[in-house]
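Fold and contact review
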Amino acid sequence: MSVATTITTPAAVSNQPLQLGLGGYEAIAPTIILGLTALALFTIDSIAPESRNNTLLSGVTVVGSLIAVVVTGWQLLTGAGSVELFSGQLVVDGMSLFFTFIFTSVTALVALASHEYVGDRAYQAEYYVLVVLAATGMTLIASANSLATAFVSLELTSLPSYALVAYLKDNRGSVEAGLKYFLIGSLSSAVFVYGISLVYAATGSLLFTEVAATLSAGIDGSLTGVLGIGVVMILGGVAFKTASIPFHFWAPEAYEGAPAPISAFLSSASKAAGFVLAFRVFLTAFPIDAIAGVDWVLAFQILALVTMTLGNFAAATQETVKRMLAYSSIGHAGYALIALGALTGAANQPFVLSAGMIHLLVYGFMNTGAFLFVALAEHWGIGRTFEDYNGLASKAPVACAAMSIFLFSLAGLPTGGGFLSKYFLLIGAVEAQTYVLAAGLIINSALSLYFYSRVVKAMWIEEPAGDLSIEGYPTGLYAAIVTAAVVTLLLLPALAIFSDPALTAGSGLF
Amino acid sequence: MVGAFEFAPAIAALPFVSFLVALFVGRFMPKKGALAGITATGGSLLLSLWVYLAVLTSGDPHVEIVHTLIGVTDPFSLELGILIDQLSALMLLIVSLISFLVFVFSLGYMNDEGETGLPRYYAGLSLFSFSMLAFVMASNLFMAFMFFELVGLCSYLLIGFWFRADAPPSAAKKAFLVTRFGDYFFLIGVVGVLGTFGTAAFAGDGSFPVLAEQALAGEAAGINTFGFDPQTWFTILGLLVLGGVMGKSAQFPLHTWLPDAMEGPTPVSALIHAATMVAAGVYLVARMYGFYALSPTALAIIAFVGGFTALFAATMGVVKREIKQVLAYSTISQYGYMMLALGVGGYVAGVFHLTTHAMFKALLFLGAGAVIVAMHHNEDMWKMGGLKERLPVTYYTFLAGSLALAGIIPFAGFWSKDEVLFEALLRGMDNPIFLVAYAMGLIGVFFTGLYTFRMVFLTFHGEPRTTIAEDPHHFGWNMKFPMVVLGVLATVVGLINMTPVAELTGAHIEFLHIWFEHGGETLTVEHYGALLEQWAGYGAVDASTALVLGSGAVSLLLALAGAGAAHVLYNVPDPDEHTDKLGSIKTVLFNNYYQDEYQVWLAEGLTANVARGADTFDQGIIDGAVNGVSSVSLFLGDRARRLQTGVVTNYAALLTLGLVVLLVAVGILGGWFV
């Protein structure tokens with residue numbers, strides 16, 4: 001909290017009388033801590049631009065993001081309530097803190113794992129700075145309470161991501177993926193910002209709460225079409241961030257071409273950022289009961305079903321593990337979209353939304369872990385296909401055990417929290433009477449078991465190739481993988497025990 | 001005497017402990033687990049006696065829930081409990097006594113004969129006793145089913161004890177499969193009872209027989225009879241449970257496993273036939289008699305099947321060559337009498353016959369075991385003869401058992417069988433179906449006398465027909481002691497319920513009747529009588545003294561006639577095989593009326609073909625569908641994958657197209673274009 005004391009600007013709008021005299025800024029302490037971490041990295045880099053002190057840079061990033069994790073956790077536990085800042089441009093509440101916790105945790109894991117991955121490549125400081133800045137943007141997305149803030153913070157997340165994907169400058173795949181990501185991203189941003197302008201045209205405001213108030217009061221019937229197109233376009237911008245079909249085209253190539261820790265970062269944290277924006281915009285600005293004639297729940301149902309189905313089906317035929325994970329990540333976006341698609345009148349709405357949030361939390365750890373394992377394999381240089389992983393368990397049993405936990409949990413088996421989060425989603429979908437989504441979830445999970453278990457089979461059952469050898473056991477990568485595995489594992493009993501508080505996490509928006 | 005009931009769970013638990021001991025440390029013990037078993041069943045016997053006395057003094061049944069398996073109360077909870085009343089206290093005493101004696105006998109039959117695998121044998125025997133004791137104590141139908149199945153498993157393990165030979169494993173499998181066939185119906189019955197009443201408890205105000213009676217009287221709400229008339233539905237449930245009973249108690253047509261089960265060690269046969277497996281079926285009918293009493297149809301079926309089985313099995317027993325085969329058919333026949341008794345409303349008569357039969361049949365099997373040991377494991381009666389002088393203890397005890405089995409006054413079997421037939425006659429005077437059942441039972445008495453004494457004469461009388469029979473192997477006290485105990489009991493146990501004598505003298509000496517007149521309100525014989533009268537139309541029939549005596553005299557005369565025929569035909573120095581004179585009937589009898597043949601045809605000709613068809617369906621259609629789904633999935637996956645062309649302009653085009661499609665879809669549904 002010492003960081004926050006340096007800020008002396010007068011307090012903005014605050015609903016909380018008891019604010020420790022910090023003017024309300026302590027509410028966004030995690031964002032500020034991440035920003036300061038980025039500044040610290042800049043400082044280090046400007047002092048010694050040519051040095052490649054990877055340990056220092058990685059260490060600062062890890063420490064900075066861990067402090068942010070702890071602060072977020074503390075704020076979550078003490079129940080910060082709902083605080084609005086900057087005339088309502090930002091809001092800090094349970095959901096923003098929940099997602100900030102995901103972002104900062106993933107950032108810490110990725111930074112830790114990058115220690116060996118980055119090794120002695122050039123532009124190390126830039127790498128870490130971009131990661132931290134993207135994370136800062138994500139935390140801002142989680143708190144964004146107006147369409148303008150949302151757009152700016154979305155760009156703050158996206159721009160560093162483009163650069164990070166292209167970080168391996170000598171690798172053709174990396175550079176190409178970065179460029180494609182940038183092009184599709186630009187197109188999507190254009191769609192998003194155009195959608196914002198249409199919504200502004202229809203409602204006359206950018207603040208979520210005011211948009212909602214205008215909609216509740218009722219808008220001119222002739223504007224319904226304008227508003228509807230705007231809403232669907234905003235949905236498109238969000239879908240880009242969550243890598244939902246048809247805005248997903250960047251994802252398989254970006255995830256495959258990017259350095260594996262960055263793939264982990266993008267597919268876990270960045271995706272979650274897309275979801276928190278979606279939850280916030282659609283539930284706060286376009287409440288279902290207020291918005292007539294724009295059935296965005298239906299749009300999300302279509303999106304969820306198509307995304308989970310296409311993602312998993314495409315994953316089933318991949319030859320390389322990383323690309324398989326890339327498609328499976330698209331499939332998981334489809335599962336999480338159930339949280340919005342099942343918000344029908346029949347649904348227990350807070351339950352469904354909380355189920356989606358919990359799935360993203362679990363996913364943040366299990367998916368990050370899986371990509372970090374790929375990073376480990378890339379570090380060892382053993383190849384990219386399923387066959388290259390044959391017999392790996394005989395050389396690296398701990399990492400392979402962790403990977404098996406991730407994969408089975410991703411498939412929805414009870415080796416980790418993934419089982420319960422999928423189960424909650426299923427219950428939510430059934431209660432909402434969106435049986436198509438429930439069936440899609442089950443069928444796709446069954447299919448996904450096929451390609452996840454291919455990896456497990458290769459690692460544990462197949463005979464290793466004659467020349468399989470690995471050099472060293474990189475400490476940082478191992479620590480990150482094992483941590484992710486332990487958290488994934490512990491989330492299963494934790495979710496079972498704390499299912500009551502966990503399933504009310506999303507109730508603040510109703 | 002509250003103390004006794006607190007120890008009741010130990011009656012079953014002790015043999016379970018000895019099962020574990022025999023299994024894990026039996027091979028290090030001096031008698032390979034026999035001593036543990038003897039100690040445990042001896043302890044059970046003492047505790048059973050104590051519990052019996054406690055019931056005698058207190059008179060009230062003891063119901064206790066020991067462990068709740070599934071504590072959900074809606075729609076029903078599943079629990080393990082204890083029900084000690086007059087019936088189960090008596091049965092506990094019988095089972096633990098027979099088990100104890102069988103363990104002692106096994107010392108001679110198995111240990112002294114140098115058998116291998118003894119820890120396995122004693123472990124199986126202990127588990128058998130445990131299962132049966134727990135079954136007897138079961139407080140609800142669900143728990144009864146569990147231990148009923150465990151009893152079946154133990155019989156499988158023990159019948160197939162000599163698994164290296166060909167016949168025992170096959171016989172074990174047959175016993176398992178045939179009884180399992182009946183148990184399927186039982187299982188459905190258990191589910192049906194739980195689904196109908198929401199409880200499977202035997203005793204108490206909320207028990208299912210009581211609820212069923214209230215439902216018939218139109219007093220109980222919340223009974224789901226699945227759209228049937230309550231009485232029809234209760235008959236269906238009763239008959240489903242009866243499926244299990246007929247399998248275990250070897251009633252026609254599920255009796256075929258029992259003669260084959262003679263492949264097991266003889267002490268095991270004694271246990272199976274007298275006190276455990278076969279008795280379990282009849283005991284179950286008695287246990288839920290309050291339920292069967294509500295359904296005249298189920299009762300008529302029980303009675304008729306029982307009467308038929310009694311006669312049918314007795315005729316087959318007449319032609320068998322092996323001593324244990326004769327006893328096997330005799331068991332089937334005797335359990336037929338018990339079913340007949342229960343079916344005609346003679347609850348006490350049925351339980352009485354169960355009690356006396358346990359004594360004399362255990363005795364006969366142990367005697368046969370002794371003979372087999374003496375004959376160096378040759379079981380063919382035509383190779384014996386003249387053993388009377390050489391094995392006097394065996395002879396006299398075996399004779400006592402045979403007299404009891406044949407039903408000669410004053411041995412135990414006379415009193416119980418007489419009462420069974422008397423009850424059947426009483427009911428038969430009302431209803432011709434029961435009269436037919438009675439007639440079959442009565443004719444069965446003649447054949448019983450015939451095959452029993454044919455067995456006695458062929459084995460013990462005449463001249464020795466082989467060298468082994470001239471110089472039989474001798475055995476020790478551990479085989480003689482159980483035979484003597486049972487010999488005494490087989491002689492006197494009938495005295496507990498001498499109905500004809502009571503009728504003559506007017507003395508109140510029908511102790512078993514008096515015993516069952518006490519106890520829980522819904523478990524007494526008076527209550528059953530009232531139920532029978534109200535729901536099954538079994539009105540009170542006035543039985544004159546002459547009828548009582550006449551019935552007894554007729555059955556005694558028939559038994560004597562059978563024994564006399566055996567005396568004429570076989571009690572000669574060198575008897576002929578008179579069965580040859582029967583011609584083709586002999587072939588039919590030897591082949592057991594071709595029961596096995598048609599059941600094998602059912603299994604191989606019909607079931608196997610259906611199974612093959614199902615397999616084809618599974619392989620072709622189900623697996624084909626599964627394989628089809630996976631190839632279609634992979635094909636579609638390949639298509640989905642090809643969307644990713646790698647050309648970024650395609651992506652942009654598809655993205656825009658997708659957005660437009662979404663816009664149009666939502667727009668049309670939202671009515672923007674109107």
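Residues numbered from 1 in each chain as written. Chains lettered and ligands numbered in written order. Predicted model: local features only at pLDDT ≥ 70, side-chain atom pairs only at ≥ 80, totals over all residues. Heavy atoms only, no water.

Attention now goes to the overall build of chain B. In terms of regular secondary structure, chain B is built from 29 helices and 2 strands. Within the span of chain B, comprising 674 residues, buried residues form 58% of the whole. In chain B, once contacts between residues fewer than 6 apart in sequence are set aside, the share between residues at least 24 apart is 78%. About 25,100 Å² of surface is accessible on chain B, with carbon and sulfur atoms providing 67% of the total. (Helix = DSSP H or I, 4+ residues; strand = E, 2+ residues; numbered from the N terminus. Buried < 20%, exposed > 50% of the residue type's maximum accessible area, 1.4 Å probe, protein only. Contact = heavy atoms within 4.5 Å. Areas by Shrake-Rupley, 256 points an atom, 1.4 Å probe, with all protein chains shown as cover.)

Turning next to the overall build of chain A. A tally of helices and strands in chain A yields 19 helices and 2 strands. Within chain A, buried positions represent 63% of all 510 residues. Across chain A, the fraction of contacts at a sequence separation of at least 24, relative to all contacts at a separation of at least 6, is 81%. When the accessible surface of chain A is summed, it comes to about 17,000 Å², and 67% of that surface belongs to carbon and sulfur atoms.

On the surface, E389, E463, E470 and D471 of chain B cluster together into a patch of negative charge. Assignment of secondary structure puts E463 of chain B in the loop between α20 (432-460) and α21 (467-470). (Patch = residues over 30% accessible without salt bridge, like charges linked within 9 Å, V, L, I, M, F, W, Y side chains within 5 Å. Salt bridge = Lys/Arg side-chain N within 4 Å of Asp/Glu carboxyl O. Lys, Arg positive; Asp, Glu negative; His and termini not counted. Charge placed at Lys NZ, Arg CZ, Asp CG, Glu CD.)

All names here are of chain B. Helix α4 (residues 86-111) packs onto helix α3 (residues 34-58) with a crossing angle of 155° between their chain directions and a minimal axis gap of 8 Å. Relative to α4, the element α3 lies roughly antiparallel. The two elements α3 and α4 cross, and the hand of that crossing is left-handed. Here A34, G37, I38, T41, G42, S44, L45, S48, L49, Y52 and V55 of α3 come into contact with α4, specifically with Q86, A89, L90, L92, L93, S96, L97, S99, F100, F103, V104 and L107. Split into classes, the residues belonging to the contact of α3 with α4 amount to 15 nonpolar, 8 polar and no charged. (Axes fitted to C-alpha atoms, helices over the stretch in contact; angles between N-to-C directions. Parallel < 35°, antiparallel > 145°, perpendicular 65-115°, else oblique. Left-handed = near helix turned anticlockwise from the far one by under 90°. Nonpolar A, V, L, I, M, F, W, Y, C, P; charged D, E, K, R; others polar.)

Bringing the confidence of the model for chain A into the picture now. Taken residue by residue, chain A gives an average pLDDT of 86. The fraction at 70 or more is 94%. Here residues 1-21 of chain A scores under 50 on pLDDT; set against residues more than four positions off or in separate chains, the count is 25 contacts. (pLDDT = per-residue confidence, 0-100.)

It is worth spelling out the packing of aromatic side chains at this point. Counted according to the given criterion, the structure contains 62 aromatic pairs over all chains. Relative to F424 of chain A, the ring of F351 of chain A lies with its centre 6.3 Å away and its plane at 75°, an arrangement referred to as edge-to-face. Of this pair, F351 of chain A sits in helix α14 (residues 349-380) while F424 of chain A sits in helix α16 (residues 418-431), and the two are 73 residues apart along the sequence. Each member of the pair, F351 of chain A together with F424 of chain A, is buried. Joined through ring pairs, the aromatic side chains of Y162, Y181, F182, F240, W250, Y255 and F371 of chain A make up one cluster. If you follow R454 of chain A out to its NZ or CZ, it ends over the ring of F386 of chain A, 3.9 Å from the centre. Here the basic side chain of R180 of chain B rests over the ring of F176 of chain B, its NZ or CZ set 4.2 Å away from the ring centre. (Phe/Tyr/Trp six-rings, centres within 6.5 Å; stacked < 30°, edge-to-face > 60°. Lys NZ or Arg CZ within 6 Å of the ring centre and 35° of its normal.)

Okay, empty space enclosed by the protein next. Residue and element names in this part refer to chain B. All told, the structure shown has 6 cavities of 30 Å³ or more when counted by the stated rule. Its boundaries defined by the atoms lining it, the largest cavity holds a volume of some 80 Å³. Surrounding the largest cavity, 14 residues form its lining, F202, P209, G290, T522 and Y528 being those nearest its centre. Residue assignment for the lining of the largest cavity shows that the elements contributing at least two residues are α8 (208-216), α13 (289-292) and α25 (525-535). In the lining of the largest cavity, the residues fall into 8 nonpolar, 4 polar and 2 charged. (1 Å grid on protein atoms, 1.4 Å probe; cavity = no way out; pocket = protein on both sides within 12 Å on 5 of 7 lines; lining within 4 Å. Points joined across faces, edges and corners; volume = space filled by probe spheres on them.)

Residues and elements named next belong to chain B. By the element assignment, V348 lies in helix α16 (residues 347-374). Given the relative accessible area of 3%, V348 is considered buried. Measuring from C-alpha to C-alpha, the distance between V348 and E517 comes to 9.8 Å, with 169 residues separating the pair along the chain. If we skip the residues at most four places from it in the chain, V348 touches E419, N497, L512, H513, F516 and V525.

Contact residues are listed per partner, giving 24 residues for chain B and 38 residues for chain A. When the two sides are added together, the surface that chain B and chain A hide from each other amounts to roughly 2,600 Å², 78% of it contributed by carbon and sulfur. Along the contact surface separating chain B from chain A lie 0 salt bridges. Our count for the contact surface shared by chain B and chain A stands at 1 residue pair in polar contact (both at pLDDT 80 or more). Elements represented by at least two residues in the side of chain B that touches chain A include exactly α28 (595-642) and α29 (648-670) of chain B. The element that contributes the greatest number of residues to the side of chain B that touches chain A is α29 of chain B, accounting for 13 residues. Classifying every residue of the side of chain B that touches chain A by side-chain character gives 15 nonpolar, 7 polar and 2 charged. (Buried area = accessible area lost by both parts, 1.4 Å probe. Polar contact = N/O pair within 3.5 Å; in protein donor to acceptor, adjacent residues only side chain to side chain.)

Below, the discussion takes up α25 of chain B. Residues and elements named next belong to chain B. Considered for burial, the residues of α25 that qualify are V525, H527, Y528, L531, L532 and W535. The buried residues of α25 occupy one face: seen down the axis, they fall within an arc of 155°. Positive phi appears at G537, one or two residues downstream of α25, with a value of about 70°. (Arc of directions from axis to C-beta.)

Moving on: the environment of I291 of chain A. In this fold, I291 of chain A is placed in the loop between α11 (260-285) and α12 (296-316). Between the C-alpha atom of I291 of chain A and that of T214 of chain A, which follows or precedes it by 77 residues, the distance is 9.8 Å.

A word on the pattern of salt bridges. Tallied over the entire structure, the rule returns 13 salt bridges over all chains. K180 of chain A is the salt-bridge partner of E176 of chain A, the closest N and O atoms lying 2.8 Å from each other. Of the two residues, E176 of chain A and K180 of chain A both sit in helix α7 (residues 172-203), 4 residues apart, roughly one turn of that helix. The exposure class assigned to K180 of chain A is buried, which follows from its relative accessible area of 7%. Between R180 of chain B and E149 of chain B there is a salt bridge whose closest N-O contact spans 3.1 Å. A residue pair is termed long-range when its members are at least 10 positions apart, and R180 of chain B in helix α7 (residues 167-197) and E149 of chain B in helix α6 (residues 141-159) qualify at 31 residues. Take R180 of chain B: its relative accessible area is 15%, and that puts it in the buried class. You can call E149 of chain B buried: its relative accessible area is 17%. One continuous salt-bridge network, built from bridges that share partners, spans E149, R180, D183 and K248 of chain B.

So, about a nonpolar patch on the surface. Residue and element names in this part refer to chain B. Together, F16, L20, L23, F24, V25 and F28 make up an exposed nonpolar region whose accessible area comes to about 560 Å². Looking at where L23 falls in the secondary structure, it is placed in helix α2 (residues 8-25). Assessed through its relative accessible area of 37%, L23 is described here as partly exposed.

Moving on: the packing of helix α4 (residues 94-118) of chain A against helix α5 (residues 124-143) of chain A. Residues and elements named next belong to chain A. Axis separation between α4 and α5 bottoms out at 9 Å; the angle between their running directions is 170°. Compared by their axis directions, α4 and α5 come out roughly antiparallel. Where α4 approaches α5, its residues S96, F99, T100, F103, T107, A111, S114, H115 and V118 are matched on the opposing element by Q124, Y127, Y128, V131, A135, M138, T139, A142 and S143.

This next bit is on the nonpolar core. The nonpolar side chains of a soluble globular protein tend to be buried, and buried together. One finds L141 and Y347 of chain B to be the most contacted residues of the largest nonpolar core, which totals 226 residues. The greatest single-element share of this core, amounting to 20 residues, is contributed by α16 of chain B. The residues contacting L141 of chain B, other than those within four sequence positions of it, are F186, V190, V193, A200, F202, F208, V241, L284 and M288 of chain B. L41, F208, L277 and A333 of chain A belong to the second-largest nonpolar core, a separate cluster that totals 187 residues. (Core = buried A, V, L, I, M, F, W, Y, C linked by side-chain atoms within 4.5 Å.)

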